[in-house]
Amino acid sequence: MATFLYKLGRLAFRRRHFVALIWVALLTLAGVGAASAPPAGNTSFSIPGTEAQKAFDLLEQRFPGMSADGATARVVFKAPGGEKMTDAGNKAAVEKTVKELKSGSEVTSVADPYAGHAVSKNGTIAYASVKYKVSGMELKDTSRDALKEAAQHARDAGLTVEVGGDALTATPETGSSEAIGIVIAAVVLVITFGSLLAAGFPLLTALIGVGIGVSTITALASALDLGTTTSTLASMIGLAVGIDYALFIVSRYRAELAEGREREEAAGRAVGTAGSAVVFAGLTVVIALVGLSVVNIPMLTKMGVAAAGTVAIAVLIALTLIPALLGYAGRRVKPAGQKSKLLGGGRTPKKPGRPNMGTRWASFVVRRPVAVLLLGVLGLGAAAIPAASLELGLPDDGSQPTSTTQRRAYDLLSEGFGPGFNGPLMVVVDAKGSEHPKAAFTKVGDEIKGLKDVVTVTPAVPNKAGDTATITVVPGSKPSSQTTEDLVHTIRDKGVDIARSTDSKILVTGTTAMNIDVSQKLNDALLPYLALVVGLAFLLLIVVFRSILVPLKAALGFLLSVLAALGAVVAVFQWGWLSGLMNVEQTGPVMSMMPIFMVGVVFGLAMDYEVFLVTRMREAYVHGEKPSQAVVTGFKHGARVVTAAAVIMIAVFSGFIGSSEAMVKMIGFGLAVAVFFDAFIVRMAVVPAVLALLGKRAWWLPKWLDRALPNVDVEGEGLRAQSEARRKDADPDEEKELVRA
C-alpha cells in the first residue's frame, strides 16, 4: 500500500492543477445539487420491531386519518390568583383560543377543556389538547408560529399560558461556540507548524470535505428522507477527522523535508507512510459509523452512513488535495523545526539539539513503565466510577430547562393533574379475531384499573368497524421514572393472559412507551455492536501492525477511555457536577443513544491516534531499532502531531457544548472528554508503558498468520528498499548528489 500511495502522492504533486480542478468541480457540483434539490421532505421516524411501532402501524390501518404518530401540543392555562378557570371571563378566553387553534391547516383536532373534563379538581388549571396530521419533525414553522400566537393571545387576556408537547420540536442552535472551536483549531495548527500557510491547508481541505459531504446530504435529503441531525453529525465528525488527517500528512511532509528530500519526493513519501496510517484510521471510523446499522433504527443508520461518507471524502482529500496544495506552496512550507519569518523564523534556537517534549516524555515512560501504567489505569478507573450509576432514558419536556415554555407546561400539568399526566399510555386492543369485541375492550380496561400506579383509565374508544379500540392510561409516576417503565411491562404481561381468554391482542404505545422501547432496543444492541466494531477493527489492526498484542492493547485502552468518558457524562448531566460551568440547567437520565453512539464514534476516532502513533514505532522497529528505543522514536516524530490533533478534535467537539439542545450538548461534551482521556492518558501514557513492558513480545505474530496476512507495508519498508536500490544503481556522481540531498 505504501508504494501505491507514494506514487499517488507524487502524481498529485505533479498534476496539482488537475487534482485541484477535480475537487473544485466536485464541490461545485455538490453545491449546485444542494441548491437545486427539492426541499427536504417530512422526516419519518420509525423503530421497526418494537411493540410501540407495531401499535402505531395498526392504528394507521384501523383508524384511517387518525395520525397516531402525529405531533401533539398541550396548551396549559392557569387562572390568576384567587380566580378559577370556570369563571366566565377566563372560560371565554380559553374558548376563543381553542377556536383559533382549530383554524390551523395541519390541525386534526382540538379538545375543549370544558367539554373533555380537562380542568383540575381545584379549578385553577386547564388544558387544551391539539392533534396534528404530521409528526413534530414534519410540522411546518407556520403551524408552530400559529400555536405560539394563540398562546400569546390568551396571555394578553390575563391567563398564565404555557405550551408543551412535541409540536414545538425545532432544530437546535449551536451558537457561536462552534465557530470558536474552529478558531482554536486554527491557532493550534499555526503553533504546530509555525506557518500560517501550512496551518491553513488542513482547515481549507477539511472545510472542502465537509462542504462536499453536507451539500451531498442536502441534495439527497428529500430522496433518502434525511433529517437535519444527519448533516450535524456529518459536519461534526467530518470537520474533526478532516483536519486531523491533513495534519498528519503535512507534518510528515515537513519531516521528510527536514531529512533533506526533494519536495516531490517528500510529498510522495508523506502520502506513502502517513497516508497509509490515514487510510486505516479512516477505515476504522467508517466501520464504526456504518456499524450503527446493527441497531436497526433507520434514522441512526442513515446518520452513520452519511457521516461515514464524509469521513471517506476526508481520507481522499488528504491523500490527493494535500500533496497538490503542497506543490502550489513550494518553498513557503518550511521543513520541520523551521518557522516562517512572520512567526519568528530565522532565529537561533536557545538550546540547539535539545530533545523535544515527546522524546523526553517517552524516555521517562520507558524508564518508569509500571508507575505510569498504574497511574493511568487508576485515574481512568476513578473517572469511570460514576458510570456504575448510569441511568438511561430519552428526554421529555421534564428534562427541558425551567426557562422553556415546555418545561413550565410540564410542571403546571403535574401540579394540576399529577406527574403521570405528562406521559399517558395508549393501550391498543385488537379484537378482530374475537367473537365479542366489546367484552374484550371492557375486560382490558377493568384489568388495567386494578394495576399498581394507575391513576386513570378512560373508556375504550372503538373504530368504525368495532374491531379495534384505544384506551388511555394515566400512570401515577412521571414518564421517565422506573415505576412507569415497570407499569408498561406489567400491562404487556397482563395482555398475554387477556389475549388468551378473549382472542384479542394487547399493544401498549404512546410517546412514553416508544421511549421505553427505543431505550431497550439500544441497550440490547450495545454488546452485538461492540463485538462487531471492535472485532472488525481488531482484525484490521492485526493486518496493520502485524501483531496480536498491540491491537488487543488498543481495544482494551479504548474501553477504558469510553467508560471514563461515560463516568464524566453521568457526573455532569445526571449528578449535576460542574453543571453551572457546562450550562446544564436540568439534570436527569443520560440519553439512551449515548453509550452506543460513544462506542461507535470514539472507537473510530481513538484508532486515529493509535494508528498514527504506533505505526511510527512499528516503522522504527522494522528499521532495526530496539523496542524501547522505537517507542521513543515514535513519540519524537508523532507526539507533537497527535497532541495537536487531539486538541483540535476536542475544540471542535466542545463547540457543540454551547448548543441549545440538551442532547447535542451531551454528545459534544461526551466526545470531547472521551478524546481527552484516550489521547492524553491512554495513547500518551498507557500505550508506551505497555509497549515498554512487552518489549519484543509486542510485535509477536505466529508465523502461519504472518504468511496468511496481506503485507500492506504501512511503515514504508518497500519505499526504503526502492530508495536503496536506486542508490546502488546510481553512478558515483549521482550517488554523491543523493548523499548530499
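Residues numbered from 1 in each chain as written. Predicted model: local features only at pLDDT ≥ 70, side-chain atom pairs only at ≥ 80, totals over all residues. Heavy atoms only, no water.

## Description of the overall build of the protein chain
Argument step 1. Along its length, the protein chain carries 23 helices and eleven strands.
Argument step 2. Expressed as a percentage of its 741 residues, the buried residues of the protein chain come to 53%.
Argument step 3. Across the protein chain, every contact between residues at least 6 apart in sequence was considered, and the portion connecting residues at least 24 apart equals 80%.
Argument step 4. Looking at the protein chain as shown, the accessible area adds up to about 32300 Å², and 60% of this sits on carbon and sulfur atoms. (Helix = DSSP H or I, 4+ residues; strand = E, 2+ residues; numbered from the N terminus. Buried < 20%, exposed > 50% of the residue type's maximum accessible area, 1.4 Å probe, protein only. Contact = heavy atoms within 4.5 Å. Areas by Shrake-Rupley, 256 points an atom, 1.4 Å probe, with all protein chains shown as cover.)

## Here we look at the confidence of the model for the protein chain
Argument step 1. Confidence along the protein chain averages 82 in pLDDT terms, with 89% of residues attaining 70 or more.
Argument step 2. Mean pLDDT values for the elements of the protein chain range from 46 in helix H23 (residues 732-740) up to 93 in helix H12 (residues 369-384).
Argument step 3. Considering only residues more than four positions removed or in separate chains, one finds that residues 734-741, a stretch of pLDDT under 50, has seven contacts. (pLDDT = per-residue confidence, 0-100.)

## Brief notes about the pairing of strand E3 (residues 125-132)
Argument step 1. Buried residues dominate E3, accounting for seven of its eight residues.
Argument step 2. Inspection of the sheet shows strand E1 (residues 72-78) paired to E3 by seven bridges, in the antiparallel sense. Bridge pairing links Thr 72 to Lys 131 in E3.
Argument step 3. Inspection of the sheet shows strand E2 (residues 107-111) paired to E3 by four bridges, in the antiparallel sense. Residue pairing in the sheet places Ser 109 in a bridge with Lys 131 of E3. (Pairing = 2+ DSSP bridges.)

## Considering the sheet that holds E2
Argument step 1. A sheet is described by the order of its strands in space; here four strands give the open sequence E2-E3-E1-E4, paired in antiparallel fashion. The open sheet is flanked by E2 and strand E4 (160-164), the only strands paired with a single partner. When strand polarity is set aside, the average angle formed by the axes of neighbouring strands in this sheet is 15 degrees.
Argument step 2. Packed onto the sheet, helix H4 (residues 88-102) meets E1, E2 and E3 and runs at close to 165 degrees relative to E2.
Argument step 3. Packing against the sheet, helix H5 (residues 141-156) makes contact with E1, E3 and E4, and its axis sits at approximately 160 degrees to E4. (Axes fitted to C-alpha atoms, helices over the stretch in contact; angles between N-to-C directions.)

## Examining H5
Argument step 1. Relative to the 22 Å expected for 16 residues at 1.5 Å per residue, H5 spans 22 Å between its end C-alpha atoms, a close match to the ideal helical length.
Argument step 2. All of the buried residues along H5 are Ser 143, Arg 144, Leu 147, Ala 150, Ala 151 and Ala 154. Across the axial projection of H5, the buried residues extend over an arc of 125 degrees, all falling on one side. Structural note: H5 exposes Asp 141, Thr 142 and Asp 156 on the side pointing more than 90 degrees away from its buried face.
Argument step 3. Taken together, the buried residues of H5 touch E1, H4, E3 and E4.
Argument step 4. Just beyond H5, the residue with positive phi is Gly 158, at close to 105 degrees. (Expected span 1.5 Å × (residues − 1). Arc of directions from axis to C-beta.)

## Some details on the packing of helix H9 (residues 263-290) against helix H16 (residues 511-545)
Argument step 1. Across the interface, H9 lies against H16 with an axial gap of 10 Å and an inter-helix angle of 165 degrees. Here H9 is positioned roughly antiparallel relative to H16, judged by the angle of their axes. The two elements H9 and H16 meet at a crossing, and its hand is right-handed. Contact residues: H9 offers Phe 280, Leu 283, Thr 284, Ile 287 and Ala 288, while H16 offers Tyr 529, Val 533, Leu 536, Ala 537, Leu 540 and Val 544.
Argument step 2. Its residues assigned to classes, the contact of H9 with H16 shows ten nonpolar, one polar and no charged. (Parallel < 35°, antiparallel > 145°, perpendicular 65-115°, else oblique. Left-handed = near helix turned anticlockwise from the far one by under 90°. Nonpolar A, V, L, I, M, F, W, Y, C, P; charged D, E, K, R; others polar.)

## Examining the environment of Leu 168
Argument step 1. Within the secondary structure, Leu 168 sits in the loop between E4 and helix H6 (177-193).
Argument step 2. The spacing of Leu 168 and Thr 405 is 237 residues in sequence and 9.6 Å in space, taken between C-alpha atoms.
Argument step 3. Apart from the residues lying within four places of it in its own chain, the contact partners of Leu 168 are Arg 144, Leu 147, Lys 148, Val 163, Thr 405 and Gln 406.

## Concerning the environment of Gln 482
Argument step 1. Within the element layout of this structure, Gln 482 appears in helix H15 (residues 482-502).
Argument step 2. Taking C-alpha positions, Gln 482 is 9.9 Å from Ile 516, a pair spaced 34 residues apart along the chain.

## Here we look at the packing of aromatic side chains
Argument step 1. Applying the stated criterion across every chain yields a total of nine aromatic pairs.
Argument step 2. Arranged with centres 5.3 Å apart and planes meeting at 90 degrees, the rings of Tyr 127 and Phe 417 form a pair that is edge-to-face. Of this pair, Tyr 127 sits in strand E3 while Phe 417 sits in helix H13 (residues 405-417), and the two are 290 residues apart along the sequence.
Argument step 3. Clustering of aromatic rings is evident, with ring pairs tying together Tyr 127, Phe 417 and Phe 421. (Phe/Tyr/Trp six-rings, centres within 6.5 Å; stacked < 30°, edge-to-face > 60°.)

## Describing the pattern of salt bridges
Argument step 1. Following the criterion strictly, the structure yields 19 salt bridges and no others.
Argument step 2. Lys 78 is paired through a salt bridge with Glu 415; the nearest N and O atoms lie 3.4 Å apart. Taken together, the positions of Lys 78 in strand E1 and Glu 415 in helix H13 put the pair 337 residues apart, joining distant regions of the chain.
Argument step 3. Where Arg 144 meets Asp 141, a salt bridge forms, and the shortest distance between an N and an O atom there is 3.2 Å. Residue Arg 144 and its partner Asp 141 are located together in helix H5, separated by three residues, close to a single helical turn.
Argument step 4. The buried category is assigned to Arg 144, whose relative accessible area is 9%.
Argument step 5. Connected through salt bridges with shared partners, the residues Arg 252, Glu 256, Glu 259, Arg 261 and Arg 269 form a single ionic network. (Salt bridge = Lys/Arg side-chain N within 4 Å of Asp/Glu carboxyl O.)

## Comments concerning unusual backbone geometry
Argument step 1. Phi at Asn 296 takes a positive value of approximately 65 degrees, unusual for a residue other than glycine.
Argument step 2. As for its position among the elements, Asn 296 is in the loop between H9 and helix H10 (298-329).
Argument step 3. Take Asn 296: its relative accessible area is 39%, and that puts it in the partly exposed class.
Argument step 4. Although it is not a glycine, Asp 453 adopts a positive phi angle of roughly 75 degrees.

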